[in-house]
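# Survey of secondary and tertiary structure
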Amino acid sequence: MTDSVTDRVTDSVTDSAIDDDAVLTRTEGRAGHLTLNRPRALNALTPPMVTRIAEALTDWERDPAVQAVVIGGAGERGLCAGGDIRMIHRDVTSGGGAASMAFWRDEYTLNARIARYPKPYVALMDGIVMGGGVGVSAHGSVRIVTERSRVAMPETTIGFVPDVGGTYLLSRAPGELGTHLALTGAWVGAADALRCGLADHVVPSELLPALTRDLAADPMPDVLPRYAVEAPAGALDGQREWIDHCYAADTVEEIVDRLMAVGEPAAKETAETLLAKSPTALKVTLAAVRGARALDSLERVLEQEYRVSCAALSRPDFVEGVRAQVIDKDRRPRWTPAALTEVTDAEVAGFFAPPADGDLRLADTP
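Residues numbered from 1 in each chain as written. Predicted model: local features only at pLDDT ≥ 70, side-chain atom pairs only at ≥ 80, totals over all residues. Heavy atoms only, no water.

The criterion, for reference: UniProt positions are given in the numbering used here, feature names are shortened, and annotations may be inferred rather than shown by experiment.
The chain is annotated in an unreviewed UniProt entry as 3-hydroxyisobutyryl-CoA hydrolase of Streptomyces violaceusniger. According to UniProt, the comment filed for the chain under the heading Catalytic activity (unreviewed entry) is "3-hydroxy-2-methylpropanoyl-CoA + H2O = 3-hydroxy-2-methylpropanoate + CoA + H(+)".

This is the structure in structure tokens:
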């Protein structure tokens, strides 16, 4: 992720006022439409928004007239920048994080439900799609990106760890591409989103309104070929050799050493990017992605992510990362511990212990 994209996203979530009608719902012919409607906050998710999405999915699942669900974002900048970071920060610093844990229970349950939804769930992943925005889109059955798409899980930048099923998706990307994206928080465009399994189809952004209109009358398999185009060239395939070599290492320290030594300018730049992020978040993220590879379903991975997310609330780096990126915006976080070598295996393992209020339990649905 470039600094300019990071700045736009973090700036967008500083206004955490919850507008009325933050999720707009409507039916048009055979399609139900969800529109995330907080454009000033880049449609950042709040607990009422998650509740409203879940309610609409329940209503439409029972309605035989609704044959597909379409989710998009209001405004010109993107589908969703993620969860409302400032809201979570305020809850942690003033309320101990209980409201955030309740939010994640509902959000992760929704992520799992989207993946199992019995009707086509069409995600219009135009513009910025990050964090929680990935959770409400990339688990859908039809995932559409555009030339404007910027898809990322940027949590390590704020001392957090990829969640909303992000470690499930990234752990299943080819080779070590997912590890690279999880640790760096880098965004990908349309072609690399397809390559990494985060999206399925490319449609030019100017054609999305027409595609959406057609879904009122025709099923998705008939509509999509009218608008889908071949993906442009991506960047990651040309970097696979050094990415796969470097990120296959057992530890973050060794990954950084390999990136520095491999002789590729892009790899050296990546090492410098990693060294600026939370050492604890990096080590926990590596463990989470590798743990996710061994788990057999999205539900099990979301349960693991819930443990990690809850644990992060009691550690200092999340609060400090949000302070540096979102509140004070000095971009100078003071991580604790400050060095990779100071983060012990025991500290990492502590993130995977059951939270005090109990585990998230999600039923697998065939």
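Structure shown, so let's carry the discussion forward.
## Some points on the sheet that holds strand 6 (residues 128-130)
Which entries qualify depends on this criterion: DSSP bridges decide pairing: two strands pair if at least two such bridges lie between them. Each helix is a run of DSSP H or I of at least 4 residues and each strand a run of E of at least 2, with the numbering of both proceeding from the N terminus. Helix axes are fitted to C-alpha atoms over the stretch in contact, other axes to C-alpha atoms as well, and angles between N-to-C directions run from 0 to 180 degrees.
Strands sit in the order 4-6-8 across an open sheet of 3 strands; the sheet is parallel. Strands with a single pairing partner mark the edges of an open sheet, and in this sheet they are strand 4 (78-80) and strand 8 (150-152). The average angle at which neighbouring strand axes cross in this sheet is 15 degrees, direction not considered. Alignment of strand 4 against strand 6, held across 2 bridges, turns out to be parallel.

## Some thoughts on the pairing of strand 2 (residues 31-36)
To be explicit about the condition: A 1.4 Å probe rolled over the protein chains alone gives each residue an accessible area, and that area as a share of the maximum for its type sets the label: buried under 20%, exposed over 50%, partly exposed in between. Seen with its strands pointing away from the viewer, a crossover is right-handed if its path from the first strand over the helix to the second goes clockwise.
Taken across its 6 residues, strand 2 has 6 buried, putting it largely inside the fold. Side chains of strand 2 alternate between two faces, with Ala 31, His 33 and Thr 35 and Gly 32, Leu 34 and Leu 36 buried alike. By the bridge criterion, 6 bridges tie strand 1 (residues 23-28) to strand 2 in an arrangement that is antiparallel. When the bridges of strand 2 are listed, Thr 25 appears paired with Leu 34. Counting the residues in the hairpin turn of strand 1 and strand 2 gives 2 residues, including Gly 29, whose phi is positive at 60 degrees. Pairing of strand 2 with strand 3 (residues 68-73), which is carried by 6 bridges, proceeds in the parallel orientation. Following the sheet pairing, Leu 34 is matched in strand 3 by Ile 71. Once you follow strand 2 into helix 2 (residues 47-62) and on to strand 3, the crossover reads as right-handed.

## Here's the deal with the layout of surface pockets
Quick reminder of the rule: A pocket here means an open set of points on a 1 Å grid, computed over the protein atoms alone, that has protein on both sides within 12 Å along at least five of seven lines. A cavity is instead a set of points where a 1.4 Å probe fits but cannot get out; residues with an atom within 4 Å of a point line either one. Grid points are joined across faces, edges and corners, and a volume is the space filled by probe spheres set on the points. Residues were grouped as follows: Ala, Val, Leu, Ile, Met, Phe, Trp, Tyr, Cys and Pro as nonpolar; Asp, Glu, Lys and Arg as charged; and all remaining residues, including Gly, as polar.
Size it by volume and the second largest pocket reaches roughly 390 Å³. Lining the second largest pocket are 21 residues, and of these Gly 72, Gly 73, Leu 124, Asp 126 and Leu 208 sit closest to its centre. Breaking the lining of the second largest pocket down by element, the ones donating at least two residues are strand 2, strand 3, strand 4 and helix 9 (208-214). The element best represented in the lining of the second largest pocket is strand 3, accounting for 4 residues. Taken together, the residues of the lining of the second largest pocket break down into 8 nonpolar, 8 polar and 5 charged.

## Here's the deal with the pattern of salt bridges
As a reminder of what qualifies: Salt bridge criterion: a side-chain nitrogen from Lys or Arg within 4 Å of a carboxyl oxygen from Asp or Glu.
For the coordinates displayed, the defined rule picks out 22 salt bridges. One salt bridge in this structure joins Arg 307 and Asp 359, with 2.8 Å as the shortest N-O distance. Pair noted here: Arg 307 is in helix 15 (residues 298-313) and Asp 359 is in the segment after helix 17 (345-350), with a separation of 52 residues, a long-range link. Measuring nitrogen to oxygen at the nearest pair gives 3.8 Å for the salt bridge that ties Asp 359 to Arg 361. Take Asp 359: its relative accessible area is 17%, and that puts it in the buried class. Shared partners join several salt bridges into a network, and the residues in it are Glu 320, Arg 323, Asp 328 and Asp 330.

## Overview of helix 15
How we decide: In a helix, the anticipated span is given by 1.5 Å times the number of residues less one.
The first and last C-alpha atoms of helix 15 sit 23 Å apart over 16 residues, in line with the 22 Å expected at 1.5 Å per residue. The element helix 15 is extensively covered by neighbouring structure, given that 14 of its 16 residues are classed as buried.

## Some details on the packing of aromatic side chains
Operational definition: Between 30 and 60 degrees the pair is tilted, below 30 it is stacked and above 60 it is edge-to-face, where a pair is any two Phe, Tyr or Trp rings, Trp via its six-membered ring, whose centres lie within 6.5 Å.
Within this structure, the stated rule accounts for 3 aromatic pairs. A centroid spacing of 6.4 Å and a plane angle of 85 degrees characterise the contact between Tyr 108 and Tyr 306, whose relative ring orientation is edge-to-face. Highlighted residues: Tyr 108 in helix 4 (residues 98-115) and Tyr 306 in helix 15, separated in sequence by 198 residues. According to the relative accessible area criterion, Tyr 306 is buried, its value standing at 0%. Seen in terms of ring centroids, Phe 160 and Phe 318 are 5.4 Å apart; in terms of plane orientation they differ by 55 degrees. Their pairing is tilted.

## Observations regarding the pairing of strand 5 (residues 121-125)
The two faces of a sheet get side chains in turn, since along a regular strand they alternate between them. Among the 5 residues in strand 5, 5 count as buried, and that is most of the element. Burial along strand 5 is two-sided: Tyr 121, Ala 123 and Met 125 facing one way and Val 122 and Leu 124 facing the other are all buried. Judged from the 3 bridges that link them, strand 3 and strand 5 form a sheet pairing that is parallel. Across the sheet, the residue bridging to Val 69 is Tyr 121, located in strand 5. Looking at chain direction, strand 5 and strand 7 (residues 142-145) are connected through 4 bridges and run parallel. Residue pairing for strand 7: Met 125 is matched across the bridge by Val 145.

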